[in-house]
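Per-entry structural report
In case you want the letters, here they are:
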Amino acid sequence: MNQILDRIKSGELREGDVLPGERTLAAQMDVSRPTVSTALTKLVEAGILRTGQGRGGNSEIVSIWIPAWLEERGPDQTDEPGAEAIFRVLEARKAVEPRVAQLAALRATDAHFQSMQNSIDLLRQQRDDLNKAEQAEILFHRIMWRAAENPSLERMMKNLARELSPIHDMMLRTPDDYEAGIELHERTLRALKRGDPNEIEREMIHHLEHFEGIVADVLQRTPHRRIPEFMLPSLR
């Protein structure tokens, strides 16, 4: 089930897409057919899939929105991380994601850019549902990571996002923060389309520092360690 959910979260699977049959899914995901059947049943219960409606009677994606109760938290996510642990993860994200964004600008297709724009439109529409708004916000990043066409970096970013998931809702905590989040995504997308590496770096650092500022404000803490100069945006 988590493999299907991950493909939805990354924007790879969209509403209207039809899944392969159970036998093919089991082979693709390297699990047993009963495991696939159980997973599909859960996804139907969650309103994500509709069975027997796709081509050949296969399951069809009818919603990309994942209910909170369906998410499985790992043993390392049972409690919220402490402030210093959060700041260390944010530091790691700042070290890596600008580079991923630069790669995405080189390799993204028009379809990737359109999917990123669609995620921004979804973010605008979900002001009254924080769970959906969070998913729309991270969807933008997931599409960008996938567009970079580097599975190793994509896995790294997914792991960092997983560590930050307990505090991700801070990004959209107030109406002003929500508007700022939309603007940051729009500015990042414009930079990606223009393709200038220095502009992309500046916009990504600005994007990530906005979230860091919110976290510091909510936690009433600031990082104990000073950010090195080489991790600040280039002014070239």
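Since the structure is predicted, the reported quantities are computational estimates derived from the model, not experimental observations.

1. Digging into the overall build of the protein
Within the protein, the regular secondary structure consists of nine helices and two strands. Order of helices (α) and strands (β) in the protein, N terminus to C terminus: α-α-α-β-β-α-α-α-α-α-α. The buried share among the 236 residues of the protein stands at 46%. Counted over contacts in the protein with a minimum sequence separation of 6, partners at least 24 positions apart contribute 73%. Total accessible area computed for the protein in this model is approximately 12,300 Å², and 48% of it derives from carbon and sulfur atoms.

2. Brief notes about helix 9 (residues 197-219)
Given 3.6 residues to a turn, an α-helix orients residues that are three or four positions apart in the same direction. A rise of 1.5 Å per residue sets the reference length of helix 9, with its 23 residues, at 33 Å; its end C-alpha atoms lie 33 Å apart and thus fit the reference within 8%. Where helix 9 ends, the next residue or the one after it, glutamine 220, has phi of about 55 degrees, a positive value.

3. Notes on the confidence of the model for the protein
Of the residues in the protein, 88% have a pLDDT of 70 or more, and the chain-wide mean is 88. Averaged over each element, pLDDT in the protein is lowest for helix 2 (residues 22-29) (90) and highest for helix 5 (residues 110-125) (97).

4. Considering the pattern of salt bridges
For the structure shown, the criterion picks out 16 salt bridges. Its salt-bridge partner being glutamate 186, residue arginine 124 comes within 1.9 Å of it at the nearest N-O pair. Residue arginine 124 is located in helix 5, and its partner glutamate 186 is located in helix 8 (residues 175-194); the two are separated by 62 residues in the primary sequence. Exposure remark for arginine 124: the relative accessible area of 33% places this residue in the partly exposed category.

5. Describing unusual backbone geometry
The backbone phi angle of aspartate 30 is positive, close to 60 degrees, even though this residue is not glycine. The topology assignment puts aspartate 30 in the loop between helix 2 and helix 3 (33-45). Even without being a glycine, glutamate 149 presents a positive backbone phi close to 55 degrees. In this fold, glutamate 149 is placed in the loop between helix 6 (130-147) and helix 7 (151-164).

6. Considering helix 4 (residues 83-107)
Counted at 1.5 Å a residue, the expected span for helix 4 with its 25 residues is 36 Å, and the 35 Å between its end C-alpha atoms agrees. Valine 96 marks the point of greatest bend in helix 4, at about 30 degrees, and the proline proline 98 comes within the next four residues.

Conventions and cut-offs
- Residues numbered from 1 in each chain as written.
- Predicted model: local features only at pLDDT ≥ 70, side-chain atom pairs only at ≥ 80, totals over all residues.
- Heavy atoms only, no water.
- Helix = DSSP H or I, 4+ residues; strand = E, 2+ residues; numbered from the N terminus.
- Buried < 20%, exposed > 50% of the residue type's maximum accessible area, 1.4 Å probe, protein only.
- Contact = heavy atoms within 4.5 Å.
- Areas by Shrake-Rupley, 256 points an atom, 1.4 Å probe, with all protein chains shown as cover.
- Expected span 1.5 Å × (residues − 1).
- pLDDT = per-residue confidence, 0-100.
- Salt bridge = Lys/Arg side-chain N within 4 Å of Asp/Glu carboxyl O.
- Bend = angle between axes of the 7 residues up to and from the residue.

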